[in-house]
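So the chains spell out like this:
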Amino acid sequence: MILDRAEIIGLLTTTDESEIRVLRTRAETTCLKVFGSDVHLRGIIEFSNYCRQDCLYCGLRRSNIGQPRYRMGLSEIVDAAEKAASLGFKTIVLQSGEDLYYSVSDIARLIETIKSRLDVAVTLSLGQRDKAAYRSWAAAGADRYLLRHETSNPVLYAYLHPGHSLDERIDHLHMLREAGFQIGAGNMVGLPGQTVDDIAGDLLLMKQLEVDMAGIGPFVPNPCTPLANSNGGTLDLVLREMAILRVLMPDVMIPATTALDTLDLHGRELALRWGANVMMPNVTPTKYRRMYTLYPGKTSVDEDPKQSADCMRLRVRSCGRSIATGYGHSPRYLRNKQLPGAQTWEAKQ
Ligand code: SAH
Ligand code: SF4
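The structure reproduced in this document is the subject of the present report.

**A closer look at the sheet that holds strand β8 (residues 213–214)**
Okay, so step 1: On the basis of which strands lie adjacent, the open sheet formed by six strands has the order β2-β3-β4-β5-β6-β8 and parallel pairing. The strands lining the two open edges of the sheet, one partner per strand, are β2 (43–48) and β8.
Okay, so step 2: Sheet analysis places β2 next to strand β3 (residues 91–96), joined by five bridges and oriented parallel. Residue pairing for β3: Ile 44 is matched across the bridge by Val 93.

Written as structure tokens, this is what we have:
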């Protein structure tokens, strides 16, 4: 469905309860029509909390010198991936701060090892590197890359990311797509100074980029950052943005983001009812979890991978939804791959 900026702003701001109900129902129906009741589970391994960036909102920013840091060794990461695969996950997400300790070839070897030993898709979420790195990791077998655009307002982007620009971020998303990845963008809701017009811009940007995945979550103020005293995002606005995206892009993969659980005990269940079709249980070894503090109030920090997996399955089923058994590639990607002459990286080789 095509919605223009004014219509999107209308849906983000309306106080008419029946209009809001129609939006939610439409998002849920669209999701069920495209994906059935299946929810894809991705096991996420947060393998390093070192970061060279200084994003104003994030607890892992390099200026947060009080933050204890950790790095998992490569074989330790493979062990965690094996554990996740044995728990039934068909996608492993490797996430970290922007940590140059791991060389391009370290990460490539890690991907090759995981892909050769396990029957899983691999998603990377390692921040910005360069084109050669992206190509090398795609060639090693990684399938997807998450790099949120964070906000589509260029002035706000530059304020939040000292030394960086929104244009540069978008260039990286293009590089990732050219390298052959399914790409995931996304934004935070409730950033200081952010307007509903900005959120409409986030939605239109993701539509324009034809993203495969979209991570939409609340900004949760972190007391150890310069944005400690900001307000943060509301559940209502995050859910509305997700629902509008589902209507705009019926077959995009939308995770019920972990940060939603900091706003409501059942935040992620609600997201499933507002258009989300992916959950990302944490399979990081328990001893590291408390140190991966992007934002405060993170849940499940005392669980082990099996407990997190079981809990997530229960939560999905409690919404009347089922657990998908496939890899969960994006329909957009699969469609393009099958088109003769499609401009995918594989087609160009
Ligand atoms: N370093 C990588 C991956 C880890 S950060 C990267 O930046 O892409 C993953 C995501 O956490 C970021 O994209 C950001 O949107 C989110 N995040 C960071 N701090 C947050 C906060 N205070 N509240 C909500 N989300 C936050
Ligand atoms: Fe680093 Fe990612 Fe946090 Fe920015 S959001 S400081 S890149 S971990």
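Alright, that's what it looks like, and here's the rest.
**Notes on the pairing of strand β4 (residues 121–125)**
Okay, so step 1: Counting buried positions over the five residues of β4 gives five, a clear majority of the element.
Okay, so step 2: Side chains Ala 121, Thr 123 and Ser 125 of β4 all project onto a buried face; the interleaved residues Val 122 and Leu 124 project onto the opposite face, where all are buried too.
Okay, so step 3: Direction of pairing for β3 relative to β4: parallel, over a ladder of five bridges. The residue bridging Val 93 from the neighbouring strand is Thr 123, located in β4.
Okay, so step 4: Two elements, β4 and strand β5 (residues 144–146), share two bridges in a ladder whose sense is parallel. Residue pairing across strands places Thr 123 opposite Arg 144, the latter belonging to β5.

**Concerning the packing of helix α1 (residues 5–13) against helix α8 (residues 196–209)**
Okay, so step 1: Direction vectors running N to C along α1 and α8 enclose 120°, while the axes themselves pass 9 Å from each other. Regarding the angle of α1 to α8, the classification is oblique. Read as a crossing pair, α1 and α8 show a hand that is right-handed. Between α1 and α8, the contacting residues are Arg 5, Ile 8, Ile 9, Leu 12 and Thr 13 on the first element and Val 196, Asp 197, Ile 199, Ala 200, Gly 201, Leu 203 and Leu 204 on the second.
Okay, so step 2: Looking at the contact of α1 with α8 residue by residue, the class counts come to eight nonpolar, two polar and two charged.

**Topic: the pattern of salt bridges**
Okay, so step 1: Applying the stated criterion across every chain yields a total of 21 salt bridges.
Okay, so step 2: A salt bridge links Lys 306 to Asp 310; the nearest nitrogen and oxygen atoms lie 2.7 Å apart. Of this pair, Lys 306 and Asp 310 are both found in helix α12 (residues 305–318), four residues apart, which corresponds to roughly one turn of the helix.
Okay, so step 3: Taking the relative accessible area as the measure of exposure, Lys 306 reaches 43% and is therefore partly exposed.
Okay, so step 4: We classify Asp 310 as partly exposed; its relative accessible area is 35%.
Okay, so step 5: The structure contains a network of salt bridges with shared partners spanning Asp 261, Arg 268, Glu 269 and Arg 315.

The rules behind these values
Residues numbered from 1 in each chain as written. Chains lettered and ligands numbered in written order. Predicted model: local features only at pLDDT ≥ 70, side-chain atom pairs only at ≥ 80, totals over all residues. Heavy atoms only, no water. Pairing = 2+ DSSP bridges. Helix = DSSP H or I, 4+ residues; strand = E, 2+ residues; numbered from the N terminus. Buried < 20%, exposed > 50% of the residue type's maximum accessible area, 1.4 Å probe, protein only. Axes fitted to C-alpha atoms, helices over the stretch in contact; angles between N-to-C directions. Parallel < 35°, antiparallel > 145°, perpendicular 65-115°, else oblique. Left-handed = near helix turned anticlockwise from the far one by under 90°. Contact = heavy atoms within 4.5 Å. Nonpolar A, V, L, I, M, F, W, Y, C, P; charged D, E, K, R; others polar. Salt bridge = Lys/Arg side-chain N within 4 Å of Asp/Glu carboxyl O.

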